[in-house]
Every structure is written in structure tokens, then in C-alpha cells.
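Next come the chains, spelled out residue by residue.
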Amino acid sequence: MSPTSVEASPLPWQVVAEEQDGVITVAVALAGGMTRAELRWRVSSGRWQQPFAGVAITHSGPVTERQREWCALAVAGPGAALAGATAAAPDGLRGHASTVVHVLVPTHRPRVTRPGIAIRRAAHLGEQDVHPTRAPRRTRLPRSVVDMASWAARDDDARAVLASAVGQRLVTVEQLRPALEQRSTLRRRALIRDTLDDLADGAHSVAEIVYRRIERRYGLPAAQRQATVNLDGRRYLDVWYEPWRVWVEIDGAAHREPRQWWDDLARQNLGVLDDRLVLRFPTWLLRLDPEHVAAQVRLALHQRGWTPDPDETSPKI
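Throughout, residues of each chain are indexed from 1 in the direction in which the sequence is written. Only residues with pLDDT of at least 70 get local features here, since the model is predicted, and only at 80 or more are side-chain atom pairs given and counted; chain-wide, interface and lining totals rely on the full set of residues. Side-chain measures here rest on the full set of heavy atoms in the structure, leaving out hydrogens and waters.

(A) Just the sheet that holds strand 3 (residues 55-57), in detail. Strand pairing is assigned whenever DSSP detects at least two bridges linking the two strands. Secondary structure follows DSSP: runs of H or I at least 4 residues long count as helices, runs of E at least 2 residues long count as strands, and numbering of each begins at the N terminus. In spatial order, the strands read 1-3-2; together these three strands make up an open sheet with antiparallel pairing. The sheet terminates laterally at strand 1 (23-25) and strand 2 (49-52), the two strands that pair on one side only. Pairwise comparison of adjacent strand axes, ignoring direction, gives a mean angle of 35° for this sheet. The pairing of strand 2 with strand 3 spans two bridges and is classified as antiparallel. Following the sheet pairing, Phe 52 is matched in strand 3 by Val 55. Two residues form a contact once any of their heavy atoms are found within 4.5 Å. Helix axes are fitted only over the stretch in contact, all axes being lines through C-alpha atoms; the angle between N-to-C directions runs from 0 to 180 degrees. Sheet strands in contact with helix 4 (residues 65-76) are strand 1, strand 2 and strand 3, and its direction is about 160° off that of strand 3.

(B) Main features of the pattern of salt bridges. The term salt bridge refers to a side-chain nitrogen of Lys or Arg lying within 4 Å of a carboxyl oxygen of Asp or Glu. Scanning all chains against the criterion turns up 20 salt bridges. For Arg 280, the salt bridge is made with Glu 249, and the minimal N-O distance between the two is 3.4 Å. Taken together, the residues span a long stretch of sequence, with Arg 280 in strand 11 (residues 276-282) and Glu 249 in strand 9 (residues 246-251) at a distance of 31 residues. Exposure categories follow from relative accessible area, calculated using a 1.4 Å probe and restricted to protein chains: below 20% of the type maximum is buried, above 50% is exposed, and the middle band is partly exposed. We classify Glu 249 as partly exposed; its relative accessible area is 22%. Taken together, the shared-partner salt bridges in this structure form one network comprising Asp 129, Arg 143, Asp 147 and Arg 183.

(C) Examining the side chain of Asp 198 more closely. Here Asp 198 shows up in helix 9 (residues 189-200). Classification of Asp 198 by relative accessible area gives buried; the value is 6%. Apart from residues lying up to four places away in sequence, Asp 198 is in contact with Ala 203, Ile 209, Arg 212, Arg 213 and Arg 216.

(D) Inspection of the packing of aromatic side chains at higher detail. Any two rings among Phe, Tyr and Trp, with Trp reduced to its six-membered ring, count as a pair given centres within 6.5 Å; such a pair is stacked if its planes are under 30 degrees apart, edge-to-face if over 60, and tilted if neither. For the structure on display, the rule yields two aromatic pairs. With a centroid separation of 5.3 Å and an interplanar angle of 65°, the aromatic rings of Trp 13 and Trp 48 are classed as edge-to-face. Taken together, the positions of Trp 13 in helix 1 (residues 13-19) and Trp 48 in the loop between helix 3 (36-44) and strand 2 put the pair 35 residues apart, joining distant regions of the chain. Note on accessibility: Trp 13 and Trp 48 belong to one class, buried. Ring geometry for Trp 240 and Trp 247: centres 5.3 Å apart, planes at 40°, overall tilted. Trp 247 shares its class with Trp 240; the two are buried. Each ring is checked for a lysine NZ or an arginine CZ that lies within 6 Å of its centre and within 35 degrees of its normal; such an atom marks a charge sitting over the ring. Against the face of Trp 151 rests Arg 120, its NZ or CZ located 4.0 Å from the ring centre.

(E) Layout of helix 13 (residues 290-303). Between its terminal C-alpha atoms helix 13 stretches 20 Å, which fits the 20 Å expected from 14 residues at 1.5 Å a residue. All of the buried residues in helix 13 are Pro 290, Val 293, Ala 294, Val 297, Ala 300 and Leu 301. End-on view of helix 13: buried residues confined to an arc of 130°, all on one side of the axis. Opposite the buried face of helix 13, at more than 90 degrees from it, the exposed residues are Glu 291 and His 302. Just past helix 13, the residue Gly 305 takes up positive phi, approximately 105°. Residue count minus one, scaled by 1.5 Å, sets the expected span of a helix. In this description, the arc belongs to the directions extending from the helix axis to the C-beta atoms.

(F) Region of interest: the side chain of Asp 91. With respect to the helices, strands and loops of the structure, Asp 91 is situated in the loop between helix 5 (84-88) and strand 5 (101-106). Ignoring anything within four residues of it in the chain, the contact list for Asp 91 reads His 131, Arg 134, Arg 138, Thr 139, Arg 140, Leu 141 and Leu 170.

(G) Region of interest: the layout of surface pockets. Definitions used throughout: a 1 Å grid over protein atoms alone; a cavity as a set of points that fits a 1.4 Å probe which cannot get out; a pocket as an open set with protein on both sides within 12 Å along at least five of seven lines; a lining residue as one with an atom within 4 Å of a point. Grid points are joined across faces, edges and corners, and a volume is the space filled by probe spheres set on the points. By volume, the second largest pocket is sized at about 300 Å³. As for the second largest pocket, its lining consists of 15 residues, and the residues nearest its centre are Arg 121, Ala 122, Arg 183, Thr 185 and Leu 186. Those elements that place two or more of their residues in the lining of the second largest pocket are strand 6 (117-122) and helix 6 (141-151). In terms of residues, the lining of the second largest pocket owes the most to one element, helix 6, which gives four residues. Looking at the lining of the second largest pocket residue by residue, the classes come out as five nonpolar, four polar and six charged. Each residue receives one of three labels: charged for Asp, Glu, Lys and Arg, nonpolar for Ala, Val, Leu, Ile, Met, Phe, Trp, Tyr, Cys and Pro, and polar for the others, Gly being one of them.

Printed below as a string of C-alpha cells:
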């Protein structure tokens, strides 16, 4: 037998456990020199933990986040990779943490269910989708972000993660597009593509994306300035129609009650600051009643001299 045909001996279990933050599978531990009796004694005595069948953690203390991730990969099996929010967090994405460990496995693998782990099968999971050297094994940020948008509970959550990833300068729209286009089937494919178009056009937040669509749908003029600002911890979208000195302020405080917002709108929606006409709306109203928002803005602009194009005033379906 030639030297090149000799199979490498399994690594000692201690080496594998050290490389994986103290996490090891039962099969690897036995192949690496531990006896089944010794393994059983370590677990039964409390020196080691066994969070899932076939997986052990080589200490009795608190389980770290990285150890939870290694455990999830061990449960998912060969070819698995951390994905979505779990993979995006170590690449720097802020504001979208998940309490569940997200994992992708090849499509031919059987579906596995374990508490605290979300395992999804991927029809497309090539080497270009996975970091070549990062450990634990995880998807690259463009793939992670697109998956997060696809798996999000709501459309606005999907838009928000795309806006966050681009706004935090972790990834560009040009890097996200291939991660989208290479997928033949993907939930929210059209929404993700449209959101990337809005981000490429300069939008920076969900409120800005939604407001721009209201402008286009209801024939409003394009604002000269749209910028997200942070004032004493409150996030606002400032929209300025400079020629007519009309200022629209959109508040992202989603915790406020709709009834309170309706009362506020009735009392103080329209006001004058210096020579500016100021309107205020909550972000949720842009989604709930875009026609009301458009009517209020149109009225304010009309009072300041804007003359709409008759062909542009009907809603675009």
C-alpha cells in the first residue's frame, strides 16, 4: 500500500474537544481513544454534560454561546453550517440577535428537531456560501442576511435586516444581489429584490423605503432630503420638501399605542416651525393607512404652492 493511500488516524479526543470549545460527539470521543465506560462515567458523575443524545460538553459549568453553536452543528451532522442571525452576529451585525441557533444542512439530510435549534434544509449551499476558515463553520454574511430576510416573521422585519446590514456598512447591495439571484426558489424574493433596489437608490431605513413607495404610488413629488436621525434615543425619519418648506417627521417609536397616536395626530399633526410646515406620523401609520399619510402631505404641499401633475395624482396599483 502506498503512503498516499494510508488513511489518517483519528485525532485524540482531547485535540478535537479543544478545537471545538469543549464540545465533542460521542462517536469522535470513542474514535479518539476514550472508552465507552469512561465516557459514561464522566457524564453520570456530572463532570461532563450531555445536552443532546450523542453530544457531550467536557465541563460541568455554564454553556457558552459558542458551545451552543458547536452543539447545534454536532446535532445537524456533516455539511452543516451556522446560518441566518447566528452566522451574521459574529460578522458584526447588530440589532438582530436570536435566542435560537440557526443551522443549514444539505437538502438530502433528514429533518432534525431539537430545542433551541432551528435546522433548515438548503437546496443550494455551495462553498461560495460558507466561510472557508471560520469556526464554527458558518455562512458568509451576504448569504446570512438574505436568509434572515427570507425567514423573517414580517415583511418589515425582512426590510429592516437588509437595511441594517447595508447601513452598518458590513455588506453592500452589490454583494447581496448574487446571494439572492443564485437562489432559484426563495421566500420573499421579490420583496428582497425591491428592497435592495431602494437601498441602492439611497434609502437607509424601513421607514424611508415605505415612505418613498407612498410618494411614488400617490403621485407626490420626490423629497429633496430624507435622513434618519437619532434624538435622545428616539429614531426619526426627516423628510424635507425644500421648495415648499414642508417637513415630514416620521417617528419609529413602535411602542406607542395607536389610540394615543390618533389623538396626537388630531391635536398636533400639522404645525409651523419657523417658516416650515411640519407634519408628524408614526411609522406604523405608513403601513396601516398610506392613503391618509399621502393626503395629509398633499394638502400641506398644496397649501405651500405645489401644483400636482394631473396624470400623477391617481394611486399606482
